[in-house]
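Take a look at the letters that make up each chain.
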Amino acid sequence: MTQEPIDERRFTDEEIREILKLAVQKAPSREKPPSGSLVKSEGLSLTELKAIGEEVGIEPARLEDAARTVAARGIHRAASILGAPTVVDFERRVDGEVNPEDTPDVLSLIRRTMGTQGEVNEVHGSLEWSAKGDSGERYITLSSRDGHTAIRGSANLTNSAVLTYLPAGIVGLFTSLVGLIKFVQDGSQVGLVLCLLVVPILYPILRTIFSKIVGGESAKLQRAVDELARLTEGSEP
């Protein structure tokens with residue numbers, strides 16, 4: 001699921017309060033968030049949020065990171081029946097180009113943030129890091145051109161969904177079926193309970209587990225993209 005471009009989004013009052021709270025929590029000086037009177041009822045864009053932040057001493061980069069975090073939470077809340085999307089995608093476009101001499105620093109940052117070595121390739125002039133495993137596939141690409149760099153982090157976690165739901169789902173359905181048979185054959189109350197309650201109890205547990213898996217992967221991808229954006233903006237061509 002692709003995240004809406006952050007510069008085109010207008011945040012609701014509730015999201016704005018979350019962004020300001022999160023940005024202040026990350027700030028070393030623990031500034032107080034601006035009062036509610038600064039928030040427009042029709043919502044604010046990221047540019048307007050940064051302007052408000054400057055008035056009270058909150059760094060624009062912290063506000064942007066907080067805004068991206070809150071936007072990602074919104075995607076997860078609206079996720080599918082699985083409890084979270086199987087595909088997550090974050091993208092930023094920044095001024096500046098990746099200096100070839102910075103490639104070791106770029107790779108070190110990605111590997112440290114993602115927690116795995118992965119593989120590196122150059123595809124049509126773009127630097128691509130990828131990591132594939134039983135749980136899914138993760139990609140981070142940096143493409144520099146005409147003084148700008150597009151940074152994208154994505155993950156396909158379909159395998160994680162299968163591994164989360166399929167084994168437990170089979171056990172749950174089998175248990176329910178056994179309970180139904182027991183109830184039909186000898187009127188077992190235990191069988192009736194197993195038939196009616198196993199799947200309804202198991203399903204929200206699996207949704208929570210998968211949601212935490214996706215949330216963890218999303219947080220790592222977003223952090224990697226944000227850190228790479230700052231590294232690229234500060235690099236010399």
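This structure is a prediction, so every number in the text was calculated from the model and none was measured.

## Points about the overall build of the protein
Right, so step 1: Along the protein, the regular secondary structure elements total six helices and seven strands.
Right, so step 2: Its helices and strands taken in sequence order, the protein reads β-α-β-α-α-β-α-β-β-β-β-α-α from the N to the C terminus.
Right, so step 3: Within the protein, the proportion of its 237 residues that are buried is 38%.
Right, so step 4: Carbon and sulfur atoms form 56% of the exposed surface of the protein, whose accessible area is close to 13,300 Å².

## Brief notes about the environment of valine 70
Right, so step 1: Here valine 70 lies in helix 3 (residues 60–77).
Right, so step 2: Sequence separation between valine 70 and isoleucine 16 is 54 residues; the distance between their C-alpha atoms is 8.8 Å.
Right, so step 3: Every residue in contact with valine 70, bar those within four places of it in the chain, is listed here: Glu15, Glu18 and Ile19.

## Some words on the sheet that holds strand 6 (residues 136–145)
Right, so step 1: Judged by pairing direction, the sheet is antiparallel, and its five strands sit side by side in the order 3-7-6-5-4 without closing on themselves. The outermost strands of the open sheet, each flanked by one partner alone, are strand 3 (87–95) and strand 4 (119–123). Between one strand and the next, the sheet's axes are offset by a mean angle of 15°, whatever the strand orientation.
Right, so step 2: Of the strand pairs in this sheet, strand 4 and strand 5 (residues 126–133) are connected by five bridges, and their pairing is antiparallel. Residue pairing across strands places glutamate 122 opposite leucine 127, the latter belonging to strand 5.
Right, so step 3: Here helix 4 (residues 103–114) sits on the sheet and contacts strand 4, strand 5 and strand 6; the angle it forms with strand 5, its principal contact strand, is near 25°.
Right, so step 4: Where helix 6 (residues 189–233) meets the sheet, its contacts fall on strand 3, strand 6 and strand 7 (148–156), and the angle it forms with strand 3 comes to roughly 10°.

## Here we look at helix 5 (residues 158–186)
The periodicity of an α-helix, 3.6 residues per turn, causes residues three or four positions apart to be oriented the same way.
Right, so step 1: Across its 29 residues, helix 5 extends 41 Å between first and last C-alpha, which sits within 8% of the 42 Å expected from 1.5 Å per residue.
Right, so step 2: Taken residue by residue, helix 5 has Ser160, Ala161, Thr164, Tyr165, Gly172, Ser176 and Gly179 as its buried positions.
Right, so step 3: In this fold, the buried residues of helix 5 make contact with helix 6.

## Quick look at helix 6
Right, so step 1: Along its 45 residues, helix 6 runs 66 Å from first to last C-alpha, staying within 8% of the 66 Å computed at 1.5 Å per residue.
Right, so step 2: A maximum bend of about 40° is found in helix 6 at leucine 197, where proline proline 200 lies one to four positions downstream.

## Topic: the confidence of the model for the protein
For residues with low pLDDT, the predicted coordinates do not support detailed interpretation.
Right, so step 1: In this model, the protein carries a mean pLDDT of 80, and residues with pLDDT of at least 70 account for 84%.
Right, so step 2: The least confident element of the protein is helix 3, whose mean pLDDT is 70; the most confident is helix 4, at 92.
Right, so step 3: Across residues 36–41, where pLDDT falls below 50, the model places eight contacts with residues more than four positions away in sequence or in other chains.

## A short note on the nonpolar core
Right, so step 1: In this structure, Ile110, Met114, Ile140, Leu142, Ile151, Leu221 and Leu228 are the most contacted members of the largest nonpolar core, which totals 27 residues.
Right, so step 2: Secondary-structure elements contributing two or more residues to this core are strand 3, helix 4, strand 5, strand 6, strand 7, helix 5 and helix 6.
Right, so step 3: Among the elements that take part in this core, helix 6 stands out by supplying eight residues, more than any other.
Right, so step 4: If we skip the residues at most four places from it in the chain, leucine 228 touches Val106, Leu109, Ile110, Ile140, Leu142 and Ile151.
Right, so step 5: Residues Phe11, Ile16, Ile52 and Leu63 belong to the second largest nonpolar core, which totals 17 residues.

Definitions and limits used
- Residues numbered from 1 in each chain as written.
- Predicted model: local features only at pLDDT ≥ 70, side-chain atom pairs only at ≥ 80, totals over all residues.
- Heavy atoms only, no water.
- Helix = DSSP H or I, 4+ residues; strand = E, 2+ residues; numbered from the N terminus.
- Buried < 20%, exposed > 50% of the residue type's maximum accessible area, 1.4 Å probe, protein only.
- Areas by Shrake-Rupley, 256 points an atom, 1.4 Å probe, with all protein chains shown as cover.
- Contact = heavy atoms within 4.5 Å.
- Pairing = 2+ DSSP bridges.
- Axes fitted to C-alpha atoms, helices over the stretch in contact; angles between N-to-C directions.
- Expected span 1.5 Å × (residues − 1).
- Bend = angle between axes of the 7 residues up to and from the residue.
- pLDDT = per-residue confidence, 0-100.
- Core = buried A, V, L, I, M, F, W, Y, C linked by side-chain atoms within 4.5 Å.

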